[in-house]
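Each chain, written out:
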Amino acid sequence: LHVRSRRQRQMCIRDRRNRNVIYVNKSFDFIINSGLAARQAAAERKKPVVAVTGAVGKSSTTAMMSHAMRNVGQGLKVLHPGPTHNILVRAMAEMSALPDYDAGVFEMSGIVFSDLRRRERALSPDSAVLTNIGAAHLERMGSLEKIAHQKSGIFDSPTLGGTAVFGLDTPHSDILERAAHDAGWDNIYSFGESERCDFRLLNYDPVSRVASVATPAGRYDYTLAAEGAHMALNSLSVLAALWNIYPDNIDEIIASFSTFEALPGRGGRFRVELQDGPIEVVDDTATANPASMKAFLQSADQSTLPEGCSRKVVVLGDML
């Protein structure tokens, strides 16, 4: 609380006698410092923190990440704030709760890293994931190249033994790769469909939803409950991010993909039974930019018709 008048200060002094209150001069800085202090405390207690940014898929990726981590061992208590908490002050406020959890997974908008750089601060997660670069917020950023430089701030100030993960098939992946190497991350992994990827999608069958992937430890074949090749790519970023955090639990992480359901508004489904037959709705209305629309349309095209349904209808509207 920033108190300006003498009378307000006197009232605050009286309040201190009977209330548990912290008085600070700059509340915004206090929230940021509290979050980063909690992150530091988590590092000292070996509680891993994963941060995810990107143009497309970061909400689904963080949800899949936290789902996988909760399936490790006896089940971890994972702090995973919602996708609306991805700006700096909200993320830092949520992060201050880390001492009560075993691990944390945070979705971050690109502007978080611009704000941290201006304050000469860094998040320094144990795993930093940059999913992709796409045509989102171009009215503010001006170009994809500027977006790549902004989002690559997630790689600022790596932790000891930390992991940087980036999509190799995305525009300006060279900027992301260079940022991770220049920062000095101990482990740098790429994912995608290109032959050079460390975690590579070899094949995805939209009927069985089985993904065949290549990893540093060899090939894996696994089933995903969430539909679409983009979900298979999300699972690769999850594998890469957790590869060095939970090296003895990779099989449990992979098994978790078969029970992860798409989020409401991001591919989640619901069914309506009518007299003339069922309607199954795929809800992908949470957000829209050219890259996310492309991923949705590809998924809709490749998907199989649910039982009882005879055709596909795509409904598009103005995001406003």
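Now for a look at the structure at hand. Quick caveat, the model's predicted, so the values are computed rather than measured. (Residues numbered from 1 in each chain as written. Predicted model: local features only at pLDDT ≥ 70, side-chain atom pairs only at ≥ 80, totals over all residues. Heavy atoms only, no water.)

## Structural notes on the packing of aromatic side chains
Scanning all chains against the criterion turns up four aromatic pairs. Judged by centre distance (6.4 Å) and plane angle (75°), the rings of Phe155 and Trp185 are edge-to-face. You can see Phe155 sitting in the loop between α7 (144-151) and β5 (163-167) and its partner Trp185 sitting in the loop between α8 (173-183) and β6 (187-192), a full 30 residues away along the chain. Residue Phe155 shares its accessibility class with Trp185, and that shared class is buried. Each residue in the set Tyr189, Phe199 and Trp243 is aromatic and connected to the rest through ring pairs, giving one cluster. (Phe/Tyr/Trp six-rings, centres within 6.5 Å; stacked < 30°, edge-to-face > 60°. Helix = DSSP H or I, 4+ residues; strand = E, 2+ residues; numbered from the N terminus. Buried < 20%, exposed > 50% of the residue type's maximum accessible area, 1.4 Å probe, protein only.)

## What to know about α7
For α7, the set of buried residues is Ile147, Ala148, Gln150 and Lys151. Buried residues along α7 cover an arc of 165° about the axis, so they all sit on one side. (Arc of directions from axis to C-beta.)

## What about helix α9 (residues 229-242)?
Under the 1.5 Å per step criterion, the end-to-end length of α9 is 20 Å for 14 residues, consistent within 8% with the ideal 20 Å. Of all the 14 residues making up α9, 11 are buried; the element is thus mostly covered by neighbouring parts of the structure. (Expected span 1.5 Å × (residues − 1).)

## Focus: the nonpolar core
Ranked by size, the top nonpolar core spans 39 residues in total, and within it Met65, Tyr222, Leu239, Leu242, Ile253 and Phe257 carry the most contacts. It is α9 that provides the largest number of residues to this core, a total of eight residues. Setting aside its immediate chain neighbours within four residues, Ile253 contacts Ala68, Val72, Val238, Leu239, Leu242 and Tyr246. Residues Leu116, Leu130, Ala180 and Trp185 belong to the second largest nonpolar core, which totals 34 residues. (Core = buried A, V, L, I, M, F, W, Y, C linked by side-chain atoms within 4.5 Å. Contact = heavy atoms within 4.5 Å.)

## So, the sheet that holds strand β8 (residues 210-215)
The strand order across the open sheet formed by nine strands is β2-β3-β1-β4-β5-β6-β7-β8-β9, and the pairing between neighbours is mixed. With one partner strand each, in any of the chains shown, β2 (78-79) and β9 (218-223) form the two edges of the open sheet. Alignment of strand β1 (residues 49-53) against strand β3 (residues 103-107), held across four bridges, turns out to be parallel. Across the sheet, the residue bridging to Val49 is Gly104, located in β3. Sitting on the sheet, α8 touches β4 (127-130), β5 and β6, and the angle it makes with β5 is about 175°. (Pairing = 2+ DSSP bridges. Axes fitted to C-alpha atoms, helices over the stretch in contact; angles between N-to-C directions.)

Note that every value here comes from positions in space, so none of it alone points to a role or purpose.
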